[in-house]
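Residue-level listing of the chains:
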Amino acid sequence: METTSRERKVAPAEDFQPDDTPPLPDDEELKALRLKHMVPESSKMKADWLLGKIGLKSKKDCLACVVYGSRLWGMATSKSDWDFLVVLREGVSLPGAASFGGKGIGEVDVQVLSEEQWQSKISAHSVLHLVIATSLPREAEWWISPDFKSRKNKISKGDLVSSCEARVQKDLKLAAKFRSKNLKRAEKVLKHAIRTLALTLQLLKHNKVLNFEEVTRRVLELRGCADPSKEPFTTIAAKLRLEIDKETATASKTKGERKRR
């Protein structure tokens, strides 16, 4: 009897090693894993509770409170930290980060940005922050103010590619640094580099990320690679860069044709 994708035994994302033979999860399986780890164990983990923990008295002081990190990327386990980004309204100030935890909650890390800092990230075409601004699935949005959600975030494809490549180059340097001391950390950094390239490609194509599972699948293809000069990292990165170059060239050609008209 043929085994279906639902019946296949698939190793968790974080357990893949070079010698593992299970096939990579398909999109349906990856989405199920992502959604599973986006649901808090504790019913008290809601936006009001979280914002109160970092010192905000009302959601009116907050433009956005969203989940990111491994739970958004579909790479989490039940033991993973909860990573949140909170964007404050103009005139509201808080420390830039907070961490706490507890039974049934786990570890919670909160990054806090002022509205000015957030806008600076968007203007700099930070890939992560553009993804948060344009593409978050509903389950990652713990609180989004109507005026924040309605903002138009214009993406310059040239600036986006430059920002992506700068981030990837930083990751490659970090991976080379960690490779002789901490292979797991080096692998994690390379995963971040592949994710940045894959997210950038979707932003170029659609002005948003339409398929988080496709991004995660590209990351899982690394299968334990911790060396940026070896396979499979070199092939995966080269393919993504080629696709990015094609999208950029197409955009430039279209822009040129419009000018001639």
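Each remark here, short or long, concerns the structure printed above.
Report on the accompanying structure. In this text, all values refer to a predicted model and were calculated from it rather than measured experimentally.

1. Some words on the pairing of strand 4 (residues 106–113)
Consecutive residues of a regular strand have side chains that alternate between opposite faces of the sheet. Of the strand pairs in this sheet, strand 2 (residues 82–88) and strand 4 are connected by six bridges, and their pairing is parallel. Bridge pairing in strand 4 links W82 to V108. Two successive antiparallel strands, strand 3 (residues 97–102) and strand 4, enclose a turn made up of three residues, where G104 displays a positive phi of approximately 80°.

2. Things to note about the packing of aromatic side chains
Aromatic ring pairs are defined here through the distance separating the ring centres and the angle between the ring planes. Applying the stated criterion across every chain, the model contains six aromatic pairs. Seen in terms of ring centroids, W73 and F212 are 6.2 Å apart; in terms of plane orientation they differ by 35°. Their pairing is tilted. Here the residue W73 occupies a position in helix 3 (residues 70–73), and F212 occupies one in helix 9 (residues 212–220), the gap between them amounting to 139 residues. The same class applies to W73 and to F212, which are both buried. Geometry around F100 places K53 over its ring, the cationic atom sitting 5.0 Å from the centre.

3. Describing the sheet that holds strand 2
The mixed open sheet is built from five strands, whose spatial order is 3-4-2-1-5. Bordering the open sheet on either side are strand 3 and strand 5 (141–144), each of which pairs with just one other strand. Each strand axis lies, on average, 20° off the axis of its neighbour in the sheet, ignoring direction. Of the strands in this sheet, strand 1 (62–68), strand 2 and strand 4 are in contact with helix 4 (residues 115–123), which crosses strand 4 at around 85°. Contacts from helix 5 (residues 127–135) reach strand 1, strand 2 and strand 4, with the element oriented near 110° to strand 1.

Conventions used here
- Residues numbered from 1 in each chain as written.
- Predicted model: local features only at pLDDT ≥ 70, side-chain atom pairs only at ≥ 80, totals over all residues.
- Heavy atoms only, no water.
- Pairing = 2+ DSSP bridges.
- Helix = DSSP H or I, 4+ residues; strand = E, 2+ residues; numbered from the N terminus.
- Phe/Tyr/Trp six-rings, centres within 6.5 Å; stacked < 30°, edge-to-face > 60°.
- Buried < 20%, exposed > 50% of the residue type's maximum accessible area, 1.4 Å probe, protein only.
- Lys NZ or Arg CZ within 6 Å of the ring centre and 35° of its normal.
- Axes fitted to C-alpha atoms, helices over the stretch in contact; angles between N-to-C directions.
- Contact = heavy atoms within 4.5 Å.

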